[in-house]
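Single-letter residue listing:
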Amino acid sequence: MRIFHRAALISAVSSLLLLLGGCASTPPPTDAMTQARDMLDAARSAQAPIFAPLDLGTAQARYALAQQALAGKHYDSARRYANEAEAAAELARAKAELGQLREQIRQRTRQNAELSSRLLGTAPADAAPPSPALAPAPASSATQTYPASTSSSGGAP
């Protein structure tokens, strides 16, 4: 009988420990949620709605799923979605920064083309004569004539 009580006690204690272990879930992913939200803000500040709208939309959708999972106390899912939202927002931020740089390059290329056309295309009438490298050859060498050949080939000597 004593063995029976001991086995029952061990069984009850182990069941209680298992029950308590099952209730002890992971803590809420507040750090992951904060990092995801901060990265979303950084992406928006970098003009991701203009330069990377699809990636920003993905990040926002993942963050919304993370919020829903957090509200439902599905902390593992919330953490996973928050991490996905952070990664997508970081991608959107990087693409937005790249888009801004490309736009700056386009603007500067356009400005350079305008300046080049002004400098090369519209020289004032009283401008200095062209440099010798660009000047035409003197008329004497350009108009030199050769005597006519008397041979039947008809070509110049």
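Since the structure is predicted, the reported quantities are computational estimates derived from the model, not experimental observations.

### Quick notes on the overall build of the protein
- Of the regular secondary structure elements, the protein holds 6 helices and 0 strands.
- Among the 157 residues that make up the protein, the fraction classed as buried is 17%.
- Relative to all contacts within the protein whose residues are 6 or more apart in sequence, the contacts with residues 24 or more apart total 71%.
- Summed over its atoms, the accessible surface of the protein is roughly 12000 Å², and 60% of this surface lies on carbon and sulfur atoms.

### Focus: the pattern of salt bridges
- Inspection of the entire model under this criterion finds 6 salt bridges.
- Residue Asp 41 is joined to Arg 44 by a salt bridge in which the shortest nitrogen-to-oxygen separation is 3.1 Å. Here Arg 44 and Asp 41 lie together in helix H2 (residues 30-45), a separation of 3 residues that amounts to about one turn.
- Looking at Arg 44, the relative accessible area reads 36%, which means it is partly exposed.
- Note that Glu 84 is salt-bridged to Arg 62, the shortest N-O span being 3.3 Å. Residue Glu 84 is found in helix H5 (residues 75-121), and its partner Arg 62 is found in helix H4 (residues 53-71); the two are separated by 22 residues along the sequence.
- The network of salt bridges with shared partners includes Arg 62, Arg 80 and Glu 84.

### A word on the environment of Ala 66
- Turning to its location among the elements, Ala 66 is positioned in helix H4.
- Residue classification places Ala 66 among the buried positions, given a relative accessible area of 0%.
- Along the backbone, Ala 66 and Ala 82 are 16 residues apart, and their C-alpha atoms lie at a distance of 5.4 Å.
- Apart from the residues lying within four places of it in its own chain, the contact partners of Ala 66 are Met 33, Ala 78, Tyr 81 and Ala 82.

### Observations concerning the packing of H2 against H5
- Interaxial distance between H2 and H5 falls to 8 Å at its minimum, and their mutual angle equals 20°. By the angle between their axes, H2 is roughly parallel relative to H5. For H2 against H5, the interelement crossing comes out left-handed. From H2, Ala 32, Met 33, Gln 35, Ala 36, Met 39, Leu 40, Ala 42 and Ala 43 reach across to H5, where they touch Ala 78, Arg 79, Ala 82, Asn 83, Ala 85, Glu 86, Ala 89, Glu 90, Ala 92 and Arg 93.
- Taken together, the residues of the contact of H2 with H5 sort by class into 12 nonpolar, 2 polar and 4 charged.

### Side note on unusual backbone geometry
- Positive phi is not limited to glycine here, since Gln 47 has a value of about 65°.
- A positive phi angle, near 60°, is found at Lys 73, a position not held by glycine.
- For Lys 73, the position within the fold is in the loop between H4 and H5.

### Considerations on the confidence of the model for the protein
- Summarising the model, the protein shows a mean pLDDT of 78, and 61% of its residues fall at 70 or more.
- Of all secondary-structure elements in the protein, the lowest mean pLDDT belongs to helix H6 (residues 139-142), at 43, while H4 reaches the highest, 97.
- Overall, residues 123-128 carries pLDDT values under 50, and its contacts beyond four positions in sequence, including any with other chains, amount to 0 contacts.
- Counting interchain partners and residues more than four positions distant, the pLDDT-below-50 stretch residues 153-157 has 2 contacts.

Cut-offs used in this document
Residues numbered from 1 in each chain as written. Predicted model: local features only at pLDDT ≥ 70, side-chain atom pairs only at ≥ 80, totals over all residues. Heavy atoms only, no water. Helix = DSSP H or I, 4+ residues; strand = E, 2+ residues; numbered from the N terminus. Buried < 20%, exposed > 50% of the residue type's maximum accessible area, 1.4 Å probe, protein only. Contact = heavy atoms within 4.5 Å. Areas by Shrake-Rupley, 256 points an atom, 1.4 Å probe, with all protein chains shown as cover. Salt bridge = Lys/Arg side-chain N within 4 Å of Asp/Glu carboxyl O. Axes fitted to C-alpha atoms, helices over the stretch in contact; angles between N-to-C directions. Parallel < 35°, antiparallel > 145°, perpendicular 65-115°, else oblique. Left-handed = near helix turned anticlockwise from the far one by under 90°. Nonpolar A, V, L, I, M, F, W, Y, C, P; charged D, E, K, R; others polar. pLDDT = per-residue confidence, 0-100.

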